Amino acid sequence: MCECCGGSATHTEVYSVKGMTCHHCVMRVEKAVKSLPGVKDAKADLNTGKLTVTSSHRLSRDDIAKAVEEAGYELV
Ligand SMILES: [Cu+2]
(Lines give C-alpha, C1' and ligand atoms only; values in the text may rest on other atoms or scores of the structure.)
Protein backbone atom coordinates (compact mmCIF):
# COMPACT_ATOMS: atom_id res chain seq x y z
CA MET A 1 0.00 0.00 0.00
CA CYS A 2 1.18 3.43 -0.90
CA GLU A 3 2.10 5.73 1.98
CA CYS A 4 1.47 8.96 0.09
CA CYS A 5 -1.79 8.30 -1.77
CA GLY A 6 -3.19 5.29 0.10
CA GLY A 7 -3.57 3.30 -3.11
CA SER A 8 -2.12 -0.07 -3.94
CA ALA A 9 -0.82 0.98 -7.33
CA THR A 10 2.87 1.26 -7.97
CA HIS A 11 4.40 4.51 -9.10
CA THR A 12 6.41 4.69 -12.27
CA GLU A 13 8.54 7.74 -12.99
CA VAL A 14 10.76 8.37 -15.97
CA TYR A 15 13.94 10.40 -15.63
CA SER A 16 16.81 11.24 -17.96
CA VAL A 17 20.39 10.37 -17.12
CA LYS A 18 23.40 12.04 -18.69
CA GLY A 19 26.79 10.38 -19.06
CA MET A 20 25.98 6.71 -19.70
CA THR A 21 28.25 5.42 -22.46
CA CYS A 22 28.12 1.64 -22.23
CA HIS A 23 26.25 -1.29 -20.76
CA HIS A 24 28.36 -1.09 -17.63
CA CYS A 25 27.12 2.46 -16.99
CA VAL A 26 23.54 1.26 -17.34
CA MET A 27 24.16 -1.46 -14.77
CA ARG A 28 25.73 1.00 -12.33
CA VAL A 29 22.82 3.42 -12.57
CA GLU A 30 20.23 0.65 -12.19
CA LYS A 31 22.04 -0.84 -9.21
CA ALA A 32 22.35 2.53 -7.47
CA VAL A 33 18.68 3.39 -7.91
CA LYS A 34 17.50 -0.10 -6.95
CA SER A 35 19.32 0.28 -3.63
CA LEU A 36 16.98 3.12 -2.64
CA PRO A 37 14.22 2.21 -0.19
CA GLY A 38 10.87 1.63 -1.87
CA VAL A 39 12.28 1.03 -5.34
CA LYS A 40 10.98 -2.16 -6.91
CA ASP A 41 12.66 -1.89 -10.27
CA ALA A 42 14.92 0.44 -12.24
CA LYS A 43 15.58 0.25 -15.96
CA ALA A 44 18.03 2.49 -17.73
CA ASP A 45 18.21 2.76 -21.52
CA LEU A 46 21.62 3.44 -23.00
CA ASN A 47 20.35 4.82 -26.31
CA THR A 48 17.79 7.27 -24.96
CA GLY A 49 19.28 7.96 -21.52
CA LYS A 50 15.88 7.29 -20.02
CA LEU A 51 15.67 5.88 -16.53
CA THR A 52 12.38 4.22 -15.58
CA VAL A 53 11.87 3.74 -11.86
CA THR A 54 9.07 1.63 -10.40
CA SER A 55 8.46 2.12 -6.70
CA SER A 56 5.97 1.30 -3.99
CA HIS A 57 5.60 4.97 -3.08
CA ARG A 58 6.44 8.25 -4.71
CA LEU A 59 10.15 8.98 -4.46
CA SER A 60 11.68 12.38 -4.25
CA ARG A 61 13.58 13.42 -7.33
CA ASP A 62 16.44 14.51 -5.06
CA ASP A 63 16.91 10.96 -3.77
CA ILE A 64 17.07 9.58 -7.31
CA ALA A 65 19.46 12.36 -8.35
CA LYS A 66 21.72 11.65 -5.39
CA ALA A 67 21.89 7.92 -6.13
CA VAL A 68 22.61 8.57 -9.82
CA GLU A 69 25.28 11.12 -8.96
CA GLU A 70 26.94 8.79 -6.46
CA ALA A 71 27.18 6.24 -9.27
CA GLY A 72 29.01 8.86 -11.33
CA TYR A 73 26.25 10.14 -13.60
CA GLU A 74 23.91 13.10 -13.77
CA LEU A 75 20.13 13.33 -13.61
CA VAL A 76 18.85 15.88 -16.12
CU1 LIG B 1 30.13 2.59 -19.11
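A brief look at the structure comes next. (Residues numbered from 1 in each chain as written. Predicted model: local features only at pLDDT ≥ 70, side-chain atom pairs only at ≥ 80, totals over all residues.)

**A word on the sheet that holds strand 1 (residues 11–18)**
Pairing between the strands of a sheet is mediated by backbone hydrogen bonds and can be parallel or antiparallel.
Here is step 1 of the chain: Strands sit in the order 2-3-1-4 across an open sheet of 4 strands; the sheet is antiparallel. Each edge of the open sheet carries a strand with a single partner, namely strand 2 (39–44) and strand 4 (74–75).
Here is step 2 of the chain: Judged from the 5 bridges that link them, strand 2 and strand 3 (residues 50–55) form a sheet pairing that is antiparallel. Paired with Ala44 across the two strands is Leu51, which belongs to strand 3.
Here is step 3 of the chain: The strands touched by helix 1 (residues 23–34) are strand 1, strand 2 and strand 3; relative to strand 2, the strand with the most contacts, the crossing angle is about 165°. (Pairing = 2+ DSSP bridges. Helix = DSSP H or I, 4+ residues; strand = E, 2+ residues; numbered from the N terminus. Contact = placed C-beta atoms within 7 Å. Axes fitted to C-alpha atoms, helices over the stretch in contact; angles between N-to-C directions.)

**Here's the deal with the packing of helix 1 against helix 2 (residues 61–70)**
Here is step 1 of the chain: At a minimum axis separation of 8 Å, helix 1 and helix 2 run at an interaxial angle of 135°. Overall, the two elements helix 1 and helix 2 adopt an arrangement that is oblique. Crossing of helix 1 over helix 2 shows right-handed handedness. Taking contact as the criterion, the partners of Val29, Ala32 and Val33 in helix 1 are, on helix 2, Ile64, Ala67, Val68 and Glu70.
Here is step 2 of the chain: Its residues assigned to classes, the contact of helix 1 with helix 2 shows 6 nonpolar, no polar and 1 charged. (Parallel < 35°, antiparallel > 145°, perpendicular 65-115°, else oblique. Left-handed = near helix turned anticlockwise from the far one by under 90°. Nonpolar A, V, L, I, M, F, W, Y, C, P; charged D, E, K, R; others polar.)

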